[in-house]
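If you want the building blocks of each chain, they are given just below.
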Amino acid sequence: MEEIILSNAHQAEVSNIDLESGIIYSVKEADYGLNKNGYFFTEELLNSLMTQGNAGDGVKSRFGHPMAGVESLGTFIGRKKNFRIENGALYSDLHLDPL
């Protein structure tokens, strides 16, 4: 388990971050049910998102959503891979892009 120093006064143990490999494990993507935007995520939708996420070389992850007419250069942080459903929620592992 890696120990992350948050500041001089605070420390936390984080078990889902692999600093050496640059991977954040078990990033929650979506929950089954009604989300905060009023959309209902069905089991079928979660399974479809999992299938699509695992279909290629990972899903690009950015600091924000790309928008038409707005430059997104420099916002890429890595790729999400290994999509899976656990306890009614969709998770992935974020593989950070090396600097």
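Here's the deal with the overall build of the protein
A tally of regular secondary structure across the protein gives one helix and nine strands. Burial statistics for the protein: of 99 residues in total, 21% are counted as buried. Of all intrachain contacts in the protein linking residues separated by at least 6 positions in sequence, the fraction that spans at least 24 positions is 36%. Looking at the protein as shown, the accessible area adds up to about 7500 Å², and 52% of this sits on carbon and sulfur atoms.

Overview of the packing of aromatic side chains
The tally for this structure, following the rule as stated, stands at one aromatic pair. For the ring pair Tyr32 and Phe40, a centre distance of 5.5 Å and an interplane angle of 80° mean the geometry is edge-to-face. Residue classification places Phe40 among the partly exposed positions, given a relative accessible area of 46%.

Details of the environment of Leu49
Checked against the element boundaries, Leu49 lands in helix 1 (residues 43–53). Residues Leu49 and Leu90, spaced 41 residues apart in sequence, show a C-alpha to C-alpha distance of 8.2 Å. Ignoring any residue separated from it by four or fewer positions in sequence, one finds Leu49 in contact with Phe41 and Leu90.

A closer look at the environment of Ile23
Counting through the fold element by element, Ile23 comes out in strand 4 (residues 23–31). Judged by relative accessible area, Ile23 falls into the buried class, the value being 10%. Put simply, Ile23 and Lys81 are 58 residues apart on the chain and 10.0 Å apart in space, counted from C-alpha to C-alpha.

Thoughts on the pairing of strand 4
Where strand 3 (residues 17–18) and strand 4 come together, two bridges link them in antiparallel fashion. Note that in strand 4 the partner of Asp18 across the bridge is Ile23. Hairpin remark: strand 3 followed by strand 4, antiparallel, with four residues in the connecting loop; positive phi at Gly22, about 70°. Across six bridges, the pairing between strand 4 and strand 9 (residues 89–96) is antiparallel. Residue pairing across strands places Lys28 opposite Tyr91, the latter belonging to strand 9.

Section: the pattern of salt bridges
Applying the stated criterion across every chain yields a total of four salt bridges. With a shortest N-O distance of 3.2 Å, Asp31 and Lys28 are connected by a salt bridge. Lys28 gets classed as partly exposed once you look at its relative accessible area, which sits at 46%. It is possible to trace a salt-bridge network through shared partners that takes in Arg84, Glu86 and Asp93.

Criteria and thresholds
Residues numbered from 1 in each chain as written. Predicted model: local features only at pLDDT ≥ 70, side-chain atom pairs only at ≥ 80, totals over all residues. Heavy atoms only, no water. Helix = DSSP H or I, 4+ residues; strand = E, 2+ residues; numbered from the N terminus. Buried < 20%, exposed > 50% of the residue type's maximum accessible area, 1.4 Å probe, protein only. Contact = heavy atoms within 4.5 Å. Areas by Shrake-Rupley, 256 points an atom, 1.4 Å probe, with all protein chains shown as cover. Phe/Tyr/Trp six-rings, centres within 6.5 Å; stacked < 30°, edge-to-face > 60°. Pairing = 2+ DSSP bridges. Salt bridge = Lys/Arg side-chain N within 4 Å of Asp/Glu carboxyl O.

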